[in-house]
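Residues per chain are reported as follows:
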Amino acid sequence: VISECSAVSLDGFNDQLLENHKNALTELYFRDRNHPSVVMWSVANEPRSFRPEAGPYFESVMEHLRSLDTSRPLTLILYDHDLDVTDYAIQYADIVGVNKYMGWYSDPGHLEAVGKQLITSLRLWRETLNKPIMITEYGADTVAGLHSLPSLMFTEEFQAEFLTKYWEVFDELRAEGWFIGEMPWVFSDFMTKQEIRRVAGNRKGLFTRDRQPKMAAHLVRGRYQAMMADATINHDEL
């Protein structure tokens, strides 16, 4: 589990916000510090950290959290802007978290472009920062029961193909030793405000709002089971 502070899309990095942010992190730490499943702290999700003033702000934020806990690494979740790696905050984190939506928000529907774009972008982050990297969001809105051949956006087939394209890159980079994790967005569908890019809420879930699996849920289950089998130490190997 990555325990994350409820600090989303932060901007306007002033002293009042900084004080509130530190207080929220303190509360988060005392709530979750004894949970053995919590392996990492995330200080924010998709802040406007391309602004120079984000640098000293997040340096102070992370110094505060490290004063409470030196046993767990810290991360900051970035919204990736394709090949632009301008960021003033991530240098203070231990692990880089990046949200990726190539093939959905950028080049929508063009899954043939995902592989090259994704691997180029992630290697650029690695070359720039020389830190471990994980993907903390990737996904495609999917209406359960909607099907199409060939696959089209919002169908279950497209979501399954979308995930598979990302996994091909993840597997290649994991073998290089610095790509350390993947987290599909999101476990289940949830309601949002009404807007033209949403079909009655955020439909990127592997499950529906009433927890019924989409095609992608079975694919993810199979992938994780295979990964666990590869990592399992058999008794006769001890």
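Just above sits the structure.
Here's a quick rundown of the structure. A quick note: this is a predicted structure, and the numbers were derived from the prediction, not measured. Residue numbering note: each chain is counted from 1, following its sequence as written. Reporting in this predicted model follows two pLDDT cut-offs: at least 70 for local features of residues, and 80 or more for side-chain atom pairs to be given and counted; totals over whole chains, interfaces and linings ignore these cut-offs and use all residues. For side-chain calculations, the full set of non-hydrogen atoms in the structure is used, while hydrogens and water are omitted.

## What to know about the pattern of salt bridges
Then, in step 1: Whenever a carboxyl oxygen of Asp or Glu lies within 4 Å of a side-chain nitrogen of Lys or Arg, that contact is scored as a salt bridge. Under the criterion given, the structure shown has 16 salt bridges.
Then, in step 2: The partner of Arg-174 in a salt bridge is Glu-182, and the shortest N-O contact between them spans 4.0 Å.
Then, in step 3: Overlapping salt bridges bring together Asp-141, Glu-195, Arg-197, Arg-198 and Lys-204 as one network.

## A word on the packing of helix α1 (residues 15-32) against helix α2 (residues 54-68)
Pairs of packed helices are described in terms of their axes, by the angle between the two and the distance that separates them.
Then, in step 1: Note on geometry: axes are lines fitted to C-alpha atoms, helical ones only across the stretch in contact, with angles between N-to-C directions running from 0 to 180 degrees. Counting from the N terminus, the helices are the DSSP runs of H or I reaching at least four residues and the strands are the DSSP runs of E reaching at least two. At a closest axis distance of 10 Å, the pairing of α1 and α2 adopts a crossing angle of 25°. It follows that α1 is roughly parallel to α2 by the angle criterion. As α1 packs across α2, the resulting crossing turns out to be right-handed. Between α1 and α2, the residues in contact are Leu-17, Leu-18, His-21, Lys-22, Leu-25, Thr-26 and Tyr-29 and Tyr-57, Phe-58, Ser-60, Val-61, His-64, Leu-65 and Leu-68, respectively.
Then, in step 2: In the contact of α1 with α2, the residues fall into nine nonpolar, four polar and one charged. Working definition: roughly parallel below 35 degrees, roughly antiparallel above 145 degrees, roughly perpendicular at 65 to 115 degrees, and oblique for all remaining angles. When the near helix sits turned anticlockwise from the far one by under a right angle, the crossing is termed left-handed; a clockwise turn instead gives a right-handed crossing. Note on contacts: a residue pair is in contact if any heavy atoms of the two residues lie within 4.5 Å. Each residue is assigned to one class: nonpolar for Ala, Val, Leu, Ile, Met, Phe, Trp, Tyr, Cys and Pro, charged for Asp, Glu, Lys and Arg, and polar for all the others, Gly among them.

## Notes on the packing of aromatic side chains
Then, in step 1: A pair of Phe, Tyr and Trp rings is counted when the ring centres sit within 6.5 Å of each other, with Trp represented by its six-membered ring. The angle between the planes then sorts it: under 30 degrees is stacked, over 60 is edge-to-face, the rest tilted. Tallied over the full model, the rule gives 16 aromatic pairs.
Then, in step 2: Taken together, a centroid distance of 5.9 Å and an interplanar angle of 65° make the contact between Phe-13 and Phe-58 edge-to-face. Linking Phe-13 in the loop between β1 (2-4) and α1 with Phe-58 in helix α2, this pair joins segments that are 45 residues apart in sequence.
Then, in step 3: On the basis of relative accessible area, Phe-13 is assigned to the buried category, the value being 13%.
Then, in step 4: Residue classification places Phe-58 among the buried positions, given a relative accessible area of 0%. Think of it in three bands: with a 1.4 Å probe and only protein chains considered, a residue is buried below 20% of the maximum accessible area for its type, exposed above 50%, and partly exposed in between.

## Focus on the sheet that holds strand β2 (residues 40-45)
Then, in step 1: Paired strands are those between which DSSP finds at least two bridges. The parallel open sheet is built from six strands, whose spatial order is β1-β2-β3-β4-β5-β6. What marks the edges here is a single partner per strand, and that holds for β1 and β6 (179-182). Sheet twist, expressed as the average angle between the axes of neighbouring strands with direction ignored, equals 30°.
Then, in step 2: Lying on the sheet, α2 is in contact with β2 and β3 (74-79); it crosses β2 at an angle near 155°.
Then, in step 3: Packed onto the sheet, helix α4 (residues 156-174) meets β5 (133-137) and β6 and runs at close to 150° relative to β6.

## Concerning the layout of surface pockets
Any empty space left between the atoms is revealed when a probe the size of a water molecule rolls over them.
Then, in step 1: Reported here for the largest pocket is a volume of approximately 590 Å³.
Then, in step 2: Around the largest pocket sit 26 residues that line it, and Asn-45, Glu-46, Asn-99, Glu-137 and Trp-185 are the ones nearest its centre.
Then, in step 3: Among the elements of the structure, β1, β2, β3 and β5 are those that each provide at least two residues to the lining of the largest pocket.
Then, in step 4: Of the residues belonging to the lining of the largest pocket, the class tally is twelve nonpolar, seven polar and seven charged.
Then, in step 5: A 1.4 Å probe that fits into a set of points on a 1 Å grid over the protein atoms alone but cannot get out defines a cavity; an open set with protein on both sides within 12 Å along at least five of seven lines defines a pocket, and lining residues are those with an atom within 4 Å of a point. Grid points are joined across faces, edges and corners, and a volume is the space filled by probe spheres set on the points. There is about 290 Å³ of room inside the second largest pocket.
Then, in step 6: Lining the second largest pocket, in full, are Val-1, Ile-2, Val-39, Met-40, Met-134, Arg-174, Ile-180, Gly-181, Glu-182, Met-183, Tyr-224 and Met-227.
Then, in step 7: Looking at the lining of the second largest pocket, the elements with two or more residues in it are β6 and α5 (215-231).
Then, in step 8: Ranked by the residues each element gives to the lining of the second largest pocket, the list is headed by β6, at three residues.
Then, in step 9: For the lining of the second largest pocket, a count of residues per class yields nine nonpolar, one polar and two charged.

## Things to note about empty space enclosed by the protein
Then, in step 1: Evaluation of the coordinates by the stated rule reveals one cavity of 30 Å³ or more.
Then, in step 2: Taken as a whole, the largest cavity encloses approximately 80 Å³ of empty space.
Then, in step 3: For the largest cavity, the full set of lining residues is Pro-47, Ser-49, Phe-50, Leu-78, Tyr-79, His-81, Asp-84, Val-85, Thr-86, Asp-87 and Trp-125.
Then, in step 4: Of the residues belonging to the lining of the largest cavity, the class tally is six nonpolar, three polar and two charged.

## Concerning the environment of Asp-82
Then, in step 1: If you trace the backbone, Asp-82 turns up in the loop between β3 and β4 (95-99).
Then, in step 2: A relative accessible area of 38% places Asp-82 in the partly exposed class.
Then, in step 3: On a C-alpha basis, the gap between Asp-82 and Met-102 in space is 8.1 Å, while along the polypeptide they are 20 residues apart.

## Regarding the side chain of Glu-46
Then, in step 1: In this structure, Glu-46 sits in the loop between β2 and α2.
Then, in step 2: Buried charge without a partner: Glu-46 forms no salt bridge, and the closest opposite charge is Arg-48, 5.5 Å away.
Then, in step 3: Excluding residues that lie within four positions of it along the chain, Glu-46 makes contacts with Ser-9, Leu-10, Ile-77, Leu-78, Tyr-79, Asn-99 and Glu-137. Only four residue types enter the charge count, namely Lys and Arg as positive and Asp and Glu as negative; His and the chain termini do not.

Geometric descriptors of this kind do not, in isolation, establish any biological role.
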